[in-house]
Amino acid sequence: MQQISNLREIQLIQIEILKYFKSVCEKHGIRYYLSNGTLLGAVKYHGFIPWDDDIDVFIPRSDYERLIRLPEFTDAQYVLLSDNRTPGWIYPYSKLSDSTTYVREGAYNLGVNYGISIDLFPLDAWGGSKCRSRFQALRCGLLRRFLAASVSESFQTPKTGAAKLILFLIWRFSRLVGSQRLRHVLLREIESVRNEKSPR
């Protein structure tokens, strides 16, 4: 297992993971889209944002459900980490990981060891009015923040004053509730607002 700390080396490994992911998706007709900083980097820098250290991919829910059941992701090098494959997995999304590497999360305790990876997010379509959709997105965003706080073993923030106090209370509450319970609540919330049809 190799130890890698150089950002460019990490980016190059992630590109190889993405190439493998792309080949599997093309083989099975899986739709996917680069997202967030990954999309911005591709458009603005024709690659990574220089300081970015991850790759984010959106996959329409119907394709995502097919993807996480494909046999290809039991490859000796590239392993899919998801709730239906990885005991103790807390994220409501998946990671495609290079098993020849290992990531040290520092203050985070995810309960699962994994290597350098790319993030695979299910993309859901929500119904209702614009106002209702924004409210639903806010609720899910807050639950996601609580979930992230729940796996942080120590409280750290550059914020000061009232903002620091609020973040500390979020962290304490999240740690008391626990990651598995928060994950369950988040998934239930996503399920309750999801449209029957995935985005096309």
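Provided above is the structure to which this section pertains.
The model shown is predicted, which means the values in this text are computed figures rather than measured ones.

Criteria and thresholds
Residues numbered from 1 in each chain as written. Predicted model: local features only at pLDDT ≥ 70, side-chain atom pairs only at ≥ 80, totals over all residues. Heavy atoms only, no water. Helix = DSSP H or I, 4+ residues; strand = E, 2+ residues; numbered from the N terminus. Contact = heavy atoms within 4.5 Å. Expected span 1.5 Å × (residues − 1). Buried < 20%, exposed > 50% of the residue type's maximum accessible area, 1.4 Å probe, protein only. Patch = residues over 30% accessible without salt bridge, like charges linked within 9 Å, V, L, I, M, F, W, Y side chains within 5 Å. Areas by Shrake-Rupley, 256 points an atom, 1.4 Å probe, with all protein chains shown as cover. Salt bridge = Lys/Arg side-chain N within 4 Å of Asp/Glu carboxyl O. Pairing = 2+ DSSP bridges. Phe/Tyr/Trp six-rings, centres within 6.5 Å; stacked < 30°, edge-to-face > 60°. Core = buried A, V, L, I, M, F, W, Y, C linked by side-chain atoms within 4.5 Å.

*Asks:* Got a minute to help me understand the side chain of S150 in this structure?
*Replies:* Considering the arrangement of structural elements, one finds S150 in helix α4 (residues 130–150). Residues within four places of S150 in sequence aside, it is in contact with S174, R175, G178, S179 and L182.

*Asks:* Hey, could you run me through α4 in this one?
*Replies:* The end-to-end C-alpha separation of α4 is 30 Å, in line with the 30 Å expected for 21 residues at 1.5 Å each. Taken together, the buried positions of α4 are occupied by Q136, C140, L143, L147, A149 and S150.

*Asks:* What exactly am I supposed to notice about a nonpolar patch on the surface here?
*Replies:* Taken together, the side chains of L165, F168 and L169 present a nonpolar region at the surface, about 280 Å² in accessible area. Mapped onto the fold, F168 is located in helix α5 (residues 161–177). The exposure class of F168 is partly exposed, given its relative accessible area of 33%.

*Asks:* Honestly, the pairing of strand β4 (residues 94–98) in this entry has me stumped. Any pointers?
*Replies:* Among the 5 residues in β4, 5 count as buried, and that is most of the element. Side chains S94, L96 and D98 of β4 all project onto a buried face; the interleaved residues K95 and S97 project onto the opposite face, where all are buried too. Here strand β3 (residues 78–81) pairs with β4 via 4 bridges, running antiparallel. Looking at the pairing, V79 lines up with S97 of β4. Here β4 runs beside strand β5 (residues 117–123); their pairing, made up of 4 bridges, is antiparallel. Bridged to L96 within β5 is I118.

*Asks:* Any chance you could explain the pattern of salt bridges here in plain terms?
*Replies:* When the charged atoms of two side chains lie near each other, side chains of opposite charge can form a pair. Counted by the stated rule, this structure contains 10 salt bridges. In this structure, K22 engages E26 in a salt bridge whose closest nitrogen and oxygen atoms are separated by 2.7 Å. Taken as a pair, K22 and E26 lie in helix α1 (residues 7–28) at a separation of 4 residues, close to a single helical turn. Among the residues examined, E26 registers a relative accessible area of 52% and is labelled exposed. The partner of D124 in a salt bridge is R61, with the nearest N and O atoms 2.8 Å apart. Pair noted here: D124 is in the loop between β5 and α4 and R61 is in helix α3 (residues 61–67), with a separation of 63 residues, a long-range link. If you follow the salt bridges from partner to partner, you end up with R61, E65, R69 and D124 in one network.

*Asks:* How should I be thinking about the packing of aromatic side chains in this particular structure?
*Replies:* Working definition: an aromatic ring pair is given by the centre-to-centre distance plus the angle between the planes. Here the structure, examined in full by the defined rule, presents 10 aromatic pairs. Between F146 and F173, the aromatic rings sit 5.7 Å apart at their centres with planes inclined by 75°, giving edge-to-face as the arrangement. Here F146 is found in helix α4, whereas its partner F173 is found in helix α5, with 27 residues between them in sequence. The class of F173 is partly exposed, set by a relative accessible area of 44%. An aromatic cluster of three or more residues is present, and its members are F58, W89, Y91, Y93 and F121.

*Asks:* Got a minute to help me understand the environment of E189 in this structure?
*Replies:* Structurally, the position occupied by E189 is in helix α6 (residues 179–193). For E189, the contacting residues outside a window of four places in its chain are R139, C140 and L143.

*Asks:* Is there a simple way to think about the nonpolar core in this case?
*Replies:* Buried together is how nonpolar side chains tend to be arranged in soluble globular proteins. The biggest cluster of nonpolar side chains holds 24 residues, and the ones touching the most others in it are F21, I59, L67, F73, L96, I118 and L120. Among the elements of the structure, α1, β2 (56–60), α3, β3 and β5 are those that each provide at least two residues to this core. Counting residues per element, this core draws most heavily on α1, which supplies 8 residues. When neighbours within four sequence positions are excluded, F73 is seen to be in contact with Y20, F21, V24, L67, Y78, V79, L80, R85 and L96. One finds Y91, Y93, C140 and V151 within the second-largest nonpolar core, a separate group that totals 15 residues.

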